[in-house]
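# What the coordinates show
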Amino acid sequence: MERINPAVKTAAFLLLGLVLSFNGSIVANLLLIVLGLLFLFLAPGSKKRALSIGGGALLAALSLFFTSLWFGREGGGSQSVNFAMAAVSSGSLRSGVLLGTRILAFAAIGLLFAFTTSSDLLVASYIQQFRLPPRYAYGILAAYHFSGSLAREFRKVRLAFRVRGVRVGPLSLKPLFVMLVNALHWSGDIAAAMESKGFDGSRNRTYRLRPRVEPRDWVFAAGVLAVMGAMLGCNLLPGVL
Amino acid sequence: MKLKHILFIAITAVLFGVFYLGTTYAGTFLTGVLTPMGLGILGYEPFYGIWFMAAVFITYVIQKPGVGLIAEMLASFLEVLMGNMFGPIIFLSGLIQGLGSEVAFAAFRYKKFGYPQTMLAAVGCTVFSYIWTGIRQGYHTFAPGILIAIFAIRLLSSLLFCGVLCKLLGDGLAKAGVLRGFALGDRQKLTVED
């Protein structure tokens, strides 16, 4: 999965996400969760961070489930069922499970993408396959690699305010304002540096990373299409699934 | 667009992301507390406006058609790079939120930039994103009361963060004289010289 062309993977997962958004089948959601997790654990590298992100997804799924349960539209589903000693309509229970598993399916394919895609290859592939103008791509890449320093600077600015006895809450505007002034200076400086090295897209550069669309990418695309087909098929299943 | 502007947009998007990071913890906590009551869906709503800030702020500062859309697309690109939980579908969310903001400024033909425009942009982002999350999270299965609550809290958040804060931040920067080369700063200078 980590050897698939990032542009092809983006397009495939975007379509998959779109199908998922309109999907009404619980089985189809489960299919995506299983497939996503399977390929995630086959991928090399540590997945510790996936656990904490997955925890957030689980919470979001639970919250949607309970909202459906207690605040479902009246009259959805005919008979009431007992859940946690409370009577809820079967329709609410079904839509709760559907929405909860949908969030988990989103997270499963999102995590799979995040953990099998290198950011440098992703940007290179967007330039070469999606024809993204290089100045946008390199600008984004610069900001991305700058984000660590940015977070550090933000902490420093907040500390500087506190040293001066100015109270700064989590949503205070003062540190944000100082950071925006800094951002203006930085963007001017980085732009000058990038222009001097020819990263402004005015010349044709050669590329160190050359992601190509290879036969295995077509196999992957066909696989994703098959999954989408299976999901659509699931929507024709009779009953509540 | 100039490289300097692209970089400013991208850095601002990261900055709002960092600014927003603290609130995600609050949102997660709130979601956790509210979940058993079925109100967990409201947990992140008070902070929704922060997601739209890039579009409204950048349009207010650069004042050109399409920059809000570009800002949201760059912001979602950054989120994908940083490994967002939802993956590439974020591009679609960025596109929809950016369009919500653009529609509001386009209604004034990109000629007027003030509170009415930033407030309308805040409403635009709310309405557009509401339709999109409505599809993804199956709002049609929920009771009207909770749907109104979601919309109202998101709208208030958006009006505060985009309608008011973005304007205040932009005006502050212009007043500080650091917005040379940006439409908002240059316009401010003209009025001073008059």
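Report follows, based on the coordinates.

The rules we used
- Residues numbered from 1 in each chain as written.
- Chains lettered and ligands numbered in written order.
- Predicted model: local features only at pLDDT ≥ 70, side-chain atom pairs only at ≥ 80, totals over all residues.
- Heavy atoms only, no water.
- Helix = DSSP H or I, 4+ residues; strand = E, 2+ residues; numbered from the N terminus.
- Expected span 1.5 Å × (residues − 1).
- Buried < 20%, exposed > 50% of the residue type's maximum accessible area, 1.4 Å probe, protein only.
- Axes fitted to C-alpha atoms, helices over the stretch in contact; angles between N-to-C directions.
- Left-handed = near helix turned anticlockwise from the far one by under 90°.
- Contact = heavy atoms within 4.5 Å.
- Nonpolar A, V, L, I, M, F, W, Y, C, P; charged D, E, K, R; others polar.
- Phe/Tyr/Trp six-rings, centres within 6.5 Å; stacked < 30°, edge-to-face > 60°.
- Parallel < 35°, antiparallel > 145°, perpendicular 65-115°, else oblique.
- Core = buried A, V, L, I, M, F, W, Y, C linked by side-chain atoms within 4.5 Å.
- Domains from an automatic or database assignment.
- Buried area = accessible area lost by both parts, 1.4 Å probe.
- Salt bridge = Lys/Arg side-chain N within 4 Å of Asp/Glu carboxyl O.
- Polar contact = N/O pair within 3.5 Å; in protein donor to acceptor, adjacent residues only side chain to side chain.

All right, on to helix 3 (residues 67–81) of chain B then. Residue and element names in this part refer to chain B. For helix 3, spanning 15 residues, the distance from its first C-alpha to its last is 21 Å, which sits close to the expected 21 Å at 1.5 Å a residue. Counting buried residues along helix 3, eleven of its 15 residues qualify, which places the element largely inside the surrounding structure. Burial in helix 3 covers these residues: Val 67, Gly 68, Ala 71, Glu 72, Leu 74, Ala 75, Ser 76, Phe 77, Leu 78, Val 80 and Leu 81. Where helix 3 ends, the next residue or the one after it, Gly 83, has phi of about 85 degrees, a positive value.

Residue and element names in this part refer to chain A. Two elements in contact, helix 6 (residues 134–163) and helix 7 (residues 173–196), have axes whose closest approach is 10 Å; the angle formed by their N-to-C orientations is 145 degrees. The way helix 6 lies across helix 7 gives a crossing that is right-handed. Judged by residue contacts, Tyr 138, Gly 139, Ala 142, Phe 146, Leu 150, Glu 153, Phe 154, Val 157, Arg 158 and Phe 161 of helix 6 engage Lys 174, Pro 175, Leu 176, Val 178, Met 179, Asn 182, Trp 186, Ile 190 and Met 194 from helix 7. Split into classes, the residues belonging to the contact of helix 6 with helix 7 amount to 14 nonpolar, two polar and three charged.

Looking now at the packing of aromatic side chains. Overall, the coordinates contain 20 aromatic pairs over all chains when judged by the stated rule. Both rings, one in Tyr126(A) and one in Phe91(B), keep their centres 6.2 Å apart while their planes meet at 55 degrees; by these two values the pair is tilted. Highlighted residues: Tyr126(A) in helix 5 (residues 119–128) and Phe91(B) in helix 4 (residues 90–107), drawn from two different chains. Take Tyr126(A): its relative accessible area is 5%, and that puts it in the buried class. Summarising the aromatic geometry, the rings of Tyr130(B) and Phe151(B) are spaced 5.0 Å apart at their centres and angled 85 degrees between planes, so their arrangement reads as edge-to-face. Highlighted residues: Tyr130(B) in helix 5 (residues 115–136) and Phe151(B) in helix 6 (residues 144–176), separated in sequence by 21 residues. Through a chain of ring-to-ring contacts, three or more aromatic side chains come together here, namely Tyr126(A), Phe130(A), Phe77(B) and Phe91(B).

We now examine the packing of helix 2 (residues 26–42) of chain A against helix 8 (residues 215–234) of chain A. Two quantities define a packed helix pair, namely the angle between the axes and the distance from one axis to the other. Residues and elements named next belong to chain A. Contact geometry of helix 2 with helix 8 gives a least axis separation of 8 Å together with a crossing angle of 150 degrees. What the angle tells us is that helix 2 and helix 8 run roughly antiparallel. Residues Val 27, Ala 28, Leu 31, Leu 32 and Leu 35 of helix 2 form the contact with helix 8, whose own contacting residues are Val 227, Ala 230, Met 231 and Cys 234. Taken together, the residues that form the contact of helix 2 with helix 8 break down as nine nonpolar, no polar and no charged.

Among the secondary structure elements, Ala54(B) is positioned in helix 2 (residues 48–62). Ignoring any residue separated from it by four or fewer positions in sequence, one finds Ala54(B) in contact with Phe16(B), Ala71(B) and Glu72(B).

Let's shift gears to the nonpolar core. If you look at the biggest cluster of nonpolar residues, it comprises 113 residues, and the most contacted ones within it are Met53(B) and Phe57(B). Two domains each put at least three residues into this core: domain 1 (6–123 + 210–236) and domain 2 (134–196) of chain A. Beyond its immediate stretch of four places on either side in the chain, Phe57(B) contacts Leu180(A), Phe8(B), Thr12(B), Phe16(B), Cys166(B), Leu169(B), Gly170(B) and Leu173(B). Listed in part, the twelve residues of the second largest apolar core include Leu64(A), Ile146(B), Leu147(B) and Ile150(B).

Here we take up the interface of chain A and chain B. Counting residues at the interface gives 67 residues for chain A and 65 residues for chain B. Overall, the association of chain A and chain B removes approximately 5,800 Å² of surface from exposure, summing both partners, and the carbon and sulfur fraction of that is 82%. The three residues of chain A that bury the most area against chain B are Tyr136(A), Ile140(A) and Leu184(A), which together make up 11% of that side's buried surface. Between chain A and chain B we count zero salt bridges in total. At the junction of chain A and chain B, the tally comes to six residue pairs in polar contact (both at pLDDT 80 or more).

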